[in-house]
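So the chains spell out like this:
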Amino acid sequence: MLGSLRGRIVGAILLVTLAGMVQSLLISDPLIEGQETRRMERELAAIARTTVTRLVRGGEAHDVAEQVGSLASAHVVIFGPEGELLGDSAQLRPTGERLRDTLTEDSRASEVMSARTEGSGTSVRAPLGSRTDRLFVAVRAERGVVVRVDRALTPVDEMRSNLRFVIVGVGAAALLLAWLLSELLTRSLARPIAEIARAADSLTAGDIGVRVRSERDDELGGLGRSFDRMADAIDQRIARMGSEEAQLRTILDAMVEGVFVTDREGRIQLTNAALQRLAGRVEGRTAVEAIRSADLHEAVAGALRGVESSVTIETRLGLDPRILAAQVAPLPGRKGVVAVLHDVTELKLADTVRRDFVANASHELRTPLTAIRGFAETLADGAIGDPVLAKRFLGRILEHSVRLQRLVDDLLELSRAESPDVVFTLEPVDVSAAVAKALRGLERNATEKQITLGVEGLGSTALFVQADAVALDHVLVNLIDNGVKYTPEGGHVTVRVRAADDDYAELEVADTGGGIAQQHLSRIFERFYRVDSGRAREIGGTGLGLAIVKHFAQRMGGEVTVESKLGRGTTFLVRLRRARPSGAGA
Ligand SMILES: Nc1ncnc2c1ncn2[C@@H]1O[C@H](COP(=O)(O)OP(=O)(O)OP(=O)(O)O)[C@@H](O)[C@H]1O
Ligand SMILES: [Mg+2]
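From a predicted model like this one, the values you see are computed outputs, not experimental measurements. (Residues numbered from 1 in each chain as written. Chains lettered and ligands numbered in written order. Predicted model: local features only at pLDDT ≥ 70, side-chain atom pairs only at ≥ 80, totals over all residues.)

**Student:** Explain the domain arrangement of the protein here, please?
**Tutor:** Accessible area lost on assembly of the parts is the figure often given for the size of an interface. Structurally, the protein comprises domain 1 (5-158), domain 2 (215-248), domain 3 (255-343), domain 4 (349-417) and domain 5 (423-577). Domain 1 and domain 2 are separated by 80 Å when their C-alpha centres are compared. (Domains from an automatic or database assignment.)

**Student:** What is the right way to read the packing of helix α12 (residues 431-448) against helix α13 (residues 469-485) from this model?
**Tutor:** When two helices pack together, their arrangement is given by the angle between their axes and by how far apart the axes lie. At their nearest, the axes of α12 and α13 sit 9 Å apart, and the two run at 35° to each other. Here α12 runs over α13; the crossing is right-handed. Here A434, V435, K437, A438, L439, G441, L442, N445 and A446 of α12 lie close against α13, whose contacting residues are L472, D473, L476, V477, I480, D481 and V484. By residue class, the composition of the contact of α12 with α13 is 11 nonpolar, 2 polar and 3 charged. (Axes fitted to C-alpha atoms, helices over the stretch in contact; angles between N-to-C directions. Helix = DSSP H or I, 4+ residues; strand = E, 2+ residues; numbered from the N terminus. Left-handed = near helix turned anticlockwise from the far one by under 90°. Contact = placed C-beta atoms within 7 Å. Nonpolar A, V, L, I, M, F, W, Y, C, P; charged D, E, K, R; others polar.)

**Student:** Quick question: what am I supposed to make of the site of ligand 1 here?
**Tutor:** R530, V531, G541, G545 and L546 are the nearest of the 22 residues found near ligand 1. Secondary-structure elements contributing two or more residues to the shell around ligand 1 are α13 and α16 (545-555). In terms of residue class, the shell around ligand 1 is made up of 9 nonpolar, 9 polar and 4 charged. (Near = placed C-beta within 6 Å.)

**Student:** How should I be thinking about the sheet that holds strand β12 (residues 452-456) in this particular structure?
**Tutor:** Whenever strands of a sheet pair, they do so through backbone hydrogen bonds, lying parallel or antiparallel. Strand order across the open sheet formed by 5 strands is β12-β14-β15-β17-β16, with mixed pairing between neighbours. Two strands lie at the open edges of the sheet, namely β12 and β16 (559-565), each paired on one side alone. For this sheet the average axis-to-axis angle between neighbouring strands, irrespective of direction, equals 15°. As judged from the 7 bridges shared by β16 and strand β17 (residues 569-577), these two strands associate in the antiparallel manner. Bridge assignment links S564 to a residue of β17, and that residue is T570. In this fold α16 packs onto β16 and β17, with an angle of close to 140° to the strand it touches most, β16. (Pairing = 2+ DSSP bridges.)

**Student:** Quick question: what am I supposed to make of the sheet that holds strand β7 (residues 268-271) here?
**Tutor:** Strand order in the open sheet formed by 5 strands is β7-β6-β10-β9-β8, with antiparallel pairing between adjacent strands. Both edges of this open sheet fall to β7 and β8 (309-317), since each of them pairs with a single strand only. Each strand of the sheet is rotated relative to its neighbour by a mean of 30°, with strand direction disregarded. Bridging between strand β6 (residues 258-262) and strand β10 (residues 337-343) involves 5 bridges; their strand directions are antiparallel. Bridge pairing links G258 to L341 in β10.

What follows is the structure, given as structure tokens:
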């Protein structure tokens, strides 16, 4: 209880009251003693003077002592000039010798001696053979006679103990009152304080709405109102922080780059949406656990020591090999590290593809050019004189020129398909008409190889797709041309057309050829990719056809896929958006 505020206040008040009581006790004793002794002294002096007066009037000494002694209830003694006892209220009539012997000592007491020399004397002492203090007052009478009056100090002691009793009684009552008062006071103080403490605890626990709302107008009321103002301020600050955090979150999540922030130990505390797309949920893990890369680990360790760095890291996220450009910097106060990761895989890939393309294109161009130059030089060296040889060489030159021409045409077509500057005008195109046109163009090639071309699904209702007519023609011609080229004699190439659903139409080009092995399927749409480059080149292919098909399909808002089984044939599927025929109304 003493630990509590209430305990302390009650304790303090009780202590003060108690101290007051003890002090009164201590002070009262000497005070009473002094006062009472002086009063008795005056009384005894008066009795002594009365005795002297009676002696002067001619009273016999011993009688006077007895009369005055019994009247004033005091012990009166009268000494002669030699110190002899003339009268004593406490004794029978003196009988000479005996009295003189007993009182010789007493006549030399200090108060008697002072009375003889100075006229009066006082002393407090216990007489011989007694333990009680007595007050002795002596005065000088005429002719060397000294009158001494004494009385026991017992009444003073009695008064003193009476007073003590009163002080203790009053003190006890005061203590009780003090205790009651302090209880009331502390109760009225402790309750509002406890209320404020409770509110503070709730606030700490997260109850932002808690308020004291004190209506007192003393200091505690002021404290309560101060608390409320503080809670308001905290409330506002939290709201502001919340909106700032939301803002920061939005910015972070809108970033293309992945961001993570670590603590002092290098554990990830914060990530953004882009990083979660890259590496999943990685909070609580270390950077290197999230993204396996020695370079990143080193950069993070460096940043924890305060060194900023940027590194390009090659890693695997899931199964995907990824290349990330990472900027790693220390947080202010070395509280951790912030890292910004930019996925440059596509960029690097595009770079490689571009380089490969240039190399491939140069290689493809060089082959026919070298052949043409060789034949031309041989002719120039004299073969021109031999008509048979010359004809054969010119035939080869022509053949290679055609090949060169086709290559250049395909490259131009491809760059057209890839260039964002080239606008594709998409309009409703009648599928049956487009298919018929493509088939017509390839009829001769097919007939030569004894391959039958077929169409399925062109029913009575016309099917329209959203397409660029020229691009769609390229797509169909390329796919049907492949079918004819890669299907042995006597095979079939079939074009199937159907509406997949309300939105899409599907154009299928299926052949009965040798098919394409699984490992090539994902690559045949790459530029210059040929399954069997020797044979394909022999047939006249450049490996650009399917790349062009893919791009055209995409530019028309569609896609192209392939299915193939070795020895069973290949099926290309083109999906395009359906359209309503122009002029047919809504
Ligand atoms: N229907 C098919 N059957 C079997 N293999 C095919 C078929 N279509 C394409 N291929 C394979 O895919 C490769 C790429 O085809 P793509 O059309 O891009 O090139 P290409 O036909 O060789 O040359 P281009 O079409 O430019 O004349 C071909 O070389 C061939 O190996
Ligand atoms: Mg082709």
